Amino acid sequence: MNTALCDAARPTRAVRKVRDKSPITVVQVEIALVGLAASQSAVFIGGNESEENVPLWDKVIELAGGKGVAKFGIFGTASSDPEGSAAYYIDMLINVYGAASATYIPITETSNNADDPAMVDLVRQQTAFFFGGGDQLRILNAIRPAGRETLVLTAMKEMVKAGAMVGGTSAGAACLSDTVMITGGSSYDGLIYGAFSGGPNSNNAGDLSYDEHGGLGFLAGWVPDTHFSERGREARLIRLLQDSRYRDIGTPWGFGLDEDMALVVTDLYTRPVGKVIGTSGGVFIADVTNTIVTPSTTTNYEGVSAHYLTQDDTIDLTTGNVTFASWKTPLKGNEQYANAEISNDILSSKRSRSWASAAAQFFDNQLDDTVTHFSFEKNPTFEVSFNRLSGAGYRGPLPNDPLTFVVSHENLQVGIRESIAV
């Protein structure tokens, strides 16, 4: 089991028994979907999401059709307790956020029923689908085994194209794209050994691994990762993108979702645009299109391009162009610090937000346009260089919390190599 992407344990509480007893036909659903305000949408959540994240869950309800209308199909497939996982979301979506219904879709890794007409009919009765956290390989084994699209997955895609929403958290977000799918590993081990296809290594959880068959296929051209800044996953995403980019379903683009943060993607099949929701962190964007790779026994990269988006920032997922929220202003000329600070634990998976904090402070310094950070790990020690000469930082107070400021940035140029410092 891949525990690296598992959600934290859900808070224990009594789950109210709820049922939607009103019958609904496929035709009625399709008519309802045509009238939805939002269409062809996906919500990627970074895991450990709070029930009190009202803007996030209100948006999920809105995209599913609105309060009193939204009908959710809940997949607990990734969890070791699928029904228990689903029960949490069923209770919250109905009794806290006003969904018309939320129904457990009883498809698991061992149920062998993803081609069952009864499951297809159940799927077609929903206006939205949500995948909980756990192990993303369980989802693939159940719904897209060895790259084969089951009837349930086909039905979900048809519904999303008709206007339904699909979303997930943690493992449930990591599986939603059509690219190679991250299945585990750490930044440090990834930089030493590279990325391996075939799924996780049960003998070494640190090995950076991916499934070469790809995810469920709702979003094209992007590799998602989760629990991102909190677990220091920047370098692992960069290395995976570079190692897999020339595969049939490889890509130079990926995004990493911090916990309790979401990237809400609309117009999935026309011109997808992602908007960031949440205030606890942000969304990291990696682009290895122009990366220069120097032959090395480990990693030696220059020219990785990175962005970090926070509340209300958007990204065009066709071009990669970012737009910062109108309430943020350029940092240049308004920096708070004289110099950039050096991190000696830049790859940390235990010191939450080590890379993200260093990058924010770097753009908020007056004098230094370059800085080099170091890994805490030795033999080898890696150095990570930041260059902002072609980049820009933006800062602003949160609209609902004017005493809290967030920093976004674009076009941070990153280099990663073994350190030769004595």
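Residues numbered from 1 in each chain as written. Predicted model: local features only at pLDDT ≥ 70, side-chain atom pairs only at ≥ 80, totals over all residues. Heavy atoms only, no water.

(A) Seen up close, the nonpolar core. Ranked by size, the top nonpolar core spans 51 residues in total, and within it Phe75, Ile143, Met156 and Leu216 carry the most contacts. Looking at this core element by element, the count peaks at six residues for helix α6 (residues 151-162). Ignoring any residue separated from it by four or fewer positions in sequence, one finds Met156 in contact with Phe75, Val123, Phe129, Phe131, Ile143 and Phe218. (Core = buried A, V, L, I, M, F, W, Y, C linked by side-chain atoms within 4.5 Å. Buried < 20%, exposed > 50% of the residue type's maximum accessible area, 1.4 Å probe, protein only. Helix = DSSP H or I, 4+ residues; strand = E, 2+ residues; numbered from the N terminus. Contact = heavy atoms within 4.5 Å.)

(B) Summary view of the pairing of strand β3 (residues 101-104). Sheet analysis places strand β2 (residues 71-75) next to β3, joined by four bridges and oriented parallel. When the sheet's bridge partners are listed, Lys71 is paired in β3 with Ser101. Each parallel crossover has a hand, and the one from β2 via helix α3 (residues 82-95) to β3 is right-handed. (Pairing = 2+ DSSP bridges. Right-handed = clockwise from strand over helix to strand, strands pointing away.)

(C) Focus on the packing of aromatic side chains. Counting across every chain of the model gives 16 aromatic pairs. Ring geometry for Tyr89 against Phe130: centres 4.9 Å apart, planes inclined by 50°, an arrangement best described as tilted. Remark: Phe130 occurs in strand β4 (residues 128-131) and Tyr89 occurs in helix α3; sequence separation between them is 41 residues. Ring-pair connections join several aromatic residues into one group, and the members of that group are Phe228, Phe284, Trp355, Phe362, Phe363 and Phe386. Here Lys328 stacks its cationic end above the ring of Trp327, 4.8 Å away from the centre of that ring. For Arg388, the ring lying beneath its charged end belongs to Phe362, and the centroid distance is 5.6 Å. (Phe/Tyr/Trp six-rings, centres within 6.5 Å; stacked < 30°, edge-to-face > 60°. Lys NZ or Arg CZ within 6 Å of the ring centre and 35° of its normal.)

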